[in-house]
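Below, each chain spelled out in residue letters.
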Amino acid sequence: MFTMRTAVLVFVMCPGSWPVMQPLEIHSRSQMNAAATVELLVPTGPFSIGTKTYNWADGSRHEQASKNPADSRQLIVQVWYPTEDRSGPASPYVPMLISYRHIWEDSDVDVASRTLTHSRLNARPMSGGQFPIVLLSHGWEGTRSEYTSLSEDLASHGYAVFGVDHPYMGRVALPDGKVTEASESQFHSPAEIVAYYAKDLEFVIGQIAELNRTDPEKTFTDRFDMTRIAAIGHSCGFVAASGACKRDFRIKACINIDAPGFGASDLADLEQPLLWIRLQKAGVVPAEYLKSARAAVYELQIDGANHGSVEDWDYLEAASAAQREAAAKVLQIIRQYVEAFLSKELNHQNSDLPIPGAGKPGIQWRVYVPAASSNPSRKQP
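Residues numbered from 1 in each chain as written. Predicted model: local features only at pLDDT ≥ 70, side-chain atom pairs only at ≥ 80, totals over all residues. Heavy atoms only, no water.

### Quick notes on the packing of aromatic side chains
Tallied over the full model, the rule gives 15 aromatic pairs. Taken together, a centroid distance of 5.2 Å and an interplanar angle of 65° make the contact between Phe187 and Tyr196 edge-to-face. A residue is classified by how much of its surface remains accessible, and Phe187, at 9% relative accessible area, is buried. Plain terms: the ring middles of Phe238 and Trp276 are 6.3 Å apart, the flat faces sit at 85° to each other, and that makes the pair edge-to-face. Taken together, the positions of Phe238 in helix H5 (residues 237–247) and Trp276 in strand E10 (residues 274–278) put the pair 38 residues apart, joining distant regions of the chain. By relative accessible area, Phe238 is classed as buried at 0%. Residue class for Trp276 comes out buried when judged on its relative accessible area of 1%. These aromatic residues form a ring-pair network of at least three members: Tyr81, Phe162, Phe220 and Phe224. Over the ring of Tyr196 we find Arg61; its NZ or CZ atom is 5.0 Å from the centre of that ring. (Phe/Tyr/Trp six-rings, centres within 6.5 Å; stacked < 30°, edge-to-face > 60°. Buried < 20%, exposed > 50% of the residue type's maximum accessible area, 1.4 Å probe, protein only. Helix = DSSP H or I, 4+ residues; strand = E, 2+ residues; numbered from the N terminus. Lys NZ or Arg CZ within 6 Å of the ring centre and 35° of its normal.)

Below, the structure is given as structure tokens:
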């Protein structure tokens, strides 16, 4: 994937993460009752969920997509976390939805405005203990909002999930209301792309560590377990997640959700346990990588899924009850396996991950035992 010849195709080869829909469905959705609300899938964990959004600027980096040398790299980050507080307003599905008018289809804005979440805005985090951390990177032209079902579900199981909006990889609403268009023309090489988005996640980890040390708002001081971090990337978001995993050994587990085109050379030096979820575009785990893998690799294939099945849109915009049920089934499977993998790799608990070969109808599941032990010369910070 990462060759000079295909540099400009790194992201072009995996668009489709925003949103997956058919023209006839758009017509049918335009006839829906505008007053009807749509509730996201119910979280499966025991905890209620709070959420809070941060606008962080990395003063050490210039925004490469901007011609203004004074523009720093901005990241919009929303965290979902366990709470005991069930009072207060629910969070909007898309906090800056007004910015997306004339950017998204009118039908998408309408559906987003009627979507009900299970997160309480700015609720106090649950007392006692520290939360393991999950970083979540969206796909091409996406945002963190479209993974709210997955994020809420993980938060209900005790995780702090940081959905990271990557401007110019996604259509991201900045604090001033401007929405960035996805672009890669600002980069000169595939390696530069990987490093740039990996640094986004490294910067976010640093910001989380600062909140954990001394939160000015006294919300998250000493609430995060900085020794238990995982990174998830959907589609092109796996460029950020995998790059960060190779650069930052504070990350203990890595998840690829349907990122296409990754060969063994692209995964070299990835030493964390890896969950490889195949929906539509991702191929099998590269055989050459498996020969040298230093940690367990899990491969999940879901028949009948599409590239956007991890997102909420198939469920929210379903044109019939049968379509909504089908979308819910696939999303529930993804949530179940992601949580079970994180429970095993971050919490060191017995999980619901099946034994090798124990697939269910429509699900193929493989587990690869590491071929080599960890290299003791690789030091962790």
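Okay, back to it.
### What to know about the side chain of Gln78
Relative to the assigned elements, Gln78 resides in strand E3 (residues 72–83). Under the relative-accessibility criterion, Gln78 is labelled buried at 3%. At 3.0 Å, the side chain of Gln78 forms a polar contact with the side chain of Arg144. (Polar contact = N/O pair within 3.5 Å; in protein donor to acceptor, adjacent residues only side chain to side chain.)

### Points about the side chain of Arg335
Structurally, Arg335 can be placed in helix H9 (residues 321–345). Of the residues examined, Arg335 reaches a relative accessible area of 3% and is grouped as buried. Beyond its immediate stretch of four places on either side in the chain, Arg335 contacts Leu41, Val42, Pro43, Thr44, Ser149, Leu150 and Asp153. (Contact = heavy atoms within 4.5 Å.)

### Re the environment of Gln74
Its location among the elements puts Gln74 in strand E3. Classification of Gln74 by relative accessible area gives partly exposed; the value is 31%. C-alpha of Gln74 to C-alpha of Leu174: the two residues are 100 residues apart in sequence and 7.9 Å apart in space.

### Thoughts on helix H3 (residues 148–156)
H3 sits mainly inside the fold: nine of its nine residues count as buried. For H3, the set of buried residues is Thr148, Ser149, Leu150, Ser151, Glu152, Asp153, Leu154, Ala155 and Ser156. At the exit of H3 stands Gly158, carrying a positive phi of roughly 110°.

### Re the pattern of salt bridges
Oppositely charged side chains may form a pair once their charged atoms are brought near each other. Across all of its chains, the model carries 17 salt bridges by this definition. Among the charged side chains, a network of salt bridges with common partners joins Asp58, Arg61, Glu63, Arg73 and Asp200. (Salt bridge = Lys/Arg side-chain N within 4 Å of Asp/Glu carboxyl O.)

### Observations concerning the packing of H3 against H9
For any two helices packed against each other, the geometry comes down to the angle between their axes and how far apart the axes lie. It is the contact of H3 with H9, at a shortest axis distance of 10 Å, that shows an interaxial angle of 40°. Put simply, H3 runs oblique to H9. Crossing angle aside, the handedness with which H3 passes H9 is right-handed. For the pair H3 and H9, the contacting residues are Ser149, Leu150, Asp153 and Leu154 in the first and Leu331, Arg335, Val338, Glu339 and Leu342 in the second. Counted by class, the contact of H3 with H9 contains five nonpolar, one polar and three charged residues. (Axes fitted to C-alpha atoms, helices over the stretch in contact; angles between N-to-C directions. Parallel < 35°, antiparallel > 145°, perpendicular 65-115°, else oblique. Left-handed = near helix turned anticlockwise from the far one by under 90°. Nonpolar A, V, L, I, M, F, W, Y, C, P; charged D, E, K, R; others polar.)

### Topic: the confidence of the model for the chain
Mean pLDDT over the chain works out to 88, with 86% of the residues at or above the 70 mark. Confidence drops under a pLDDT of 50 for residues 1–34, and excluding neighbours within four residues, the segment shows 88 contacts in the predicted structure. Within the model, the stretch residues 373–381 combines pLDDT values under 50 with 13 contacts to residues more than four positions away or in other chains. (pLDDT = per-residue confidence, 0-100.)

### Brief notes about the packing of helix H4 (residues 190–213) against H5
For the pair H4 and H5, the least separation of the axes is 7 Å and the interaxial angle reads 75°. Between H4 and H5, the crossing angle belongs to the class labelled roughly perpendicular. Two secondary-structure elements touch here, H4 through Ile193, Val194, Ala195, Tyr197, Ala198, Lys199, Leu201 and Glu202 and H5 through Val239, Ala240, Ala241, Gly243, Ala244 and Arg247. Partitioning the contact of H4 with H5 into residue classes produces 10 nonpolar, one polar and three charged.

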